Amino acid sequence: MATDKIILKAEDLDGYLTRQDKLDLEKIETMYQETLHAFDPVDREKVIEQFDKIGHAMQEICASHPAIQVFSFVTEEGAHAEASRVIAKLRDVNTGHQEFMYYSQRAYEMLFRMAFTDQHSDRKNYITVKTPVTSPVQNYAVHKIPDIDDKIENSVMCVMLRGALLPSMIMSKEIEEYSSHSYVTPFALFKINRDDRKHESDMEYILNLKNSFFNLEELDGKDLIFADPMNATGGSLVTVVKYLQSQGIKPKSIKFFNVISALKGSIRVTRALENCTCYTLWLDPALNTSAYIMPGLGDAGDRINGCDTRESPRNIIQLIADYGSNIAGLYRSQLFKVEQTVLGK
């Protein structure tokens, strides 16, 4: 008998880790626990020293994981300050809703650039633009961009609701703007959550198929893109992809874009899923017992979308409506695709 829910357990995820992975994670966890002693009261010099050591240690670990691409580890040094400022604003408890959305957009534009346009290539596309200047004749401008059609025009945006909805639309918009054919990605929407009554060690990830919206035929042989602001444990992504594979879906590639990822989540994902690359703007060292990233930035979904009331949680169409006219105007093509996906099921 078919089931409406697919459940993955934390111990299944840990089964993908190698002995060396576990030793590396234990080392970083120990280093971060030592850092916590400098937080209350804050010993600024000690905190800086500890984070510097942790950063170098994580960079050494990631050097043996080519599928984990961390912005500050793989881009030119001049770009690192931009990443630091964006992450600092997103982390800050004083950053309000509108600012959080603005810096989220900047973060995903940087991630897109890292994944798709930073590699030097002789292949170029040209954009010809009609300008408002009409004297002495109608004026046009020509702008050169990388030719990345073959990298992006086979993509499907896979949305792990809810905090992932706006980041997914941002990534789809970037694809549309860099495509010479104005390619708008199809969307697949997965209703997945974790059981927050449980701890990191016994967490369960629950994919609700009844409240998900996707077409399996649109996913086979495609470049699947997931854009989730936070990757704590990797459980949600692994649950979705393993389910799709159980249905005979064979992705051409999987790309996972995160603003912040815990080291453990990135390692789990790349161990569990073949041909999967994790792109993250910032790598954080540890998880607390409730599987929240430390130092993290809180609940990214709530900070992007606002909080639902327990009595009346918003559905996907209500969530889109709450984004307002500014977002609707900016991501018109993406919203149309999402609405088609939801209302067409």
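Residues numbered from 1 in each chain as written. Predicted model: local features only at pLDDT ≥ 70, side-chain atom pairs only at ≥ 80, totals over all residues. Heavy atoms only, no water.

Description of the layout of surface pockets
- Taken as a whole, the largest pocket holds about 1600 Å³ of empty space.
- In terms of lining residues, the largest pocket is bounded by 48 residues, among which Leu161, Arg162, Ile192, Asn193 and Asp299 are the most central.
- Within the residue set of the lining of the largest pocket, elements represented by two or more residues are strand E6 (187-194), strand E7 (204-213), strand E9 (230-231), helix H9 (235-246) and helix H11 (300-305).
- Broken down by element, the residue count for the lining of the largest pocket peaks at 5 residues, all from E7.
- In this structure, the second largest pocket encloses a volume near 570 Å³.
- Phe51, Gly55, Ser72, Ser84 and Trp282 are, among the 21 residues lining the second largest pocket, the residues nearest its centre.
- When residues of the lining of the second largest pocket are traced back to their parent elements, those giving at least two are helix H3 (44-62), helix H4 (71-74), helix H5 (80-91) and strand E11 (276-284).
- Counting residues per element, the lining of the second largest pocket draws most heavily on H3, which supplies 7 residues.
- Here the residues of the lining of the second largest pocket sort into 12 nonpolar, 6 polar and 3 charged. (1 Å grid on protein atoms, 1.4 Å probe; cavity = no way out; pocket = protein on both sides within 12 Å on 5 of 7 lines; lining within 4 Å. Points joined across faces, edges and corners; volume = space filled by probe spheres on them. Helix = DSSP H or I, 4+ residues; strand = E, 2+ residues; numbered from the N terminus. Nonpolar A, V, L, I, M, F, W, Y, C, P; charged D, E, K, R; others polar.)

Remarks on the confidence of the model for the protein chain
- Confidence in the prediction for the protein chain averages 92 pLDDT; 99% of positions are at 70 or higher.
- Highest mean pLDDT in the protein chain belongs to strand E8 (residues 223-227) (98); lowest belongs to helix H12 (residues 316-330) (83). (pLDDT = per-residue confidence, 0-100.)

Notes on the packing of helix H2 (residues 19-36) against H3
- Where H2 contacts H3, the two axes come as close as 10 Å, and the packing angle between them is 170°. Considering their axes alone, H2 and H3 lie roughly antiparallel with respect to each other. Facing H2, whose interface residues are Asp24, Lys27, Ile28, Met31, Tyr32, Glu34 and Thr35, H3 presents Gln50, Phe51, Lys53, Ile54, Ala57, Met58 and Ile61.
- Here the contact of H2 with H3 is built from residues that sort into 8 nonpolar, 2 polar and 4 charged. (Axes fitted to C-alpha atoms, helices over the stretch in contact; angles between N-to-C directions. Parallel < 35°, antiparallel > 145°, perpendicular 65-115°, else oblique. Contact = heavy atoms within 4.5 Å.)

Considering helix H13 (residues 332-343)
- Given a rise of 1.5 Å per residue, 12 residues ought to cover 16 Å, and the 16 Å separating the end C-alpha atoms of H13 matches this to within 8%.
- Taken residue by residue, H13 has Gln334, Leu335, Val338, Thr341 and Val342 as its buried positions. All buried residues of H13 lie within an arc of 125° about the axis, which places them on one face of the element. Exposed and oriented more than 90 degrees from the buried face of H13 are Arg332 and Leu343.
- Along its buried surface, H13 packs onto helix H8 (165-178), E6, E7 and H12. (Expected span 1.5 Å × (residues − 1). Buried < 20%, exposed > 50% of the residue type's maximum accessible area, 1.4 Å probe, protein only. Arc of directions from axis to C-beta.)

Notes on the nonpolar core
- Counting residues in hydrophobic clusters, the biggest one holds 56 residues, and the most contacted among them are Phe116, Leu165, Leu166, Met169, Phe257 and Leu281.
- Looking at this core, the element that brings in the most residues is helix H6 (residues 97-117), giving 11 residues.
- Once residues within four sequence positions are removed from consideration, phenylalanine 116 is found in contact with Ile148, Lys151, Ile152, Met171, Ile225, Lys255 and Phe257.
- Listed in part, the 32 residues of the second largest apolar core include Leu8, Ala10, Tyr205 and Cys276. (Core = buried A, V, L, I, M, F, W, Y, C linked by side-chain atoms within 4.5 Å.)

Details of the packing of aromatic side chains
- Scanning the model with the defined rule gives 10 aromatic pairs in all.
- Seen in terms of ring centroids, tyrosine 102 and tyrosine 103 are 4.8 Å apart; in terms of plane orientation they differ by 75°. Their pairing is edge-to-face.
- One aromatic cluster is present, formed by Phe112, Phe116, Tyr178, Phe257 and Tyr279 through successive ring pairs.
- The residue whose ring lies beneath arginine 194 is tyrosine 292, and the NZ or CZ to ring-centre distance is 4.8 Å. (Phe/Tyr/Trp six-rings, centres within 6.5 Å; stacked < 30°, edge-to-face > 60°. Lys NZ or Arg CZ within 6 Å of the ring centre and 35° of its normal.)

Remarks on the side chain of lysine 264
- You can see lysine 264 is positioned in helix H10 (residues 263-272).
- With residues near it in sequence (within four places) discarded, lysine 264 still touches Asp14, Leu25, Glu200 and Leu287.

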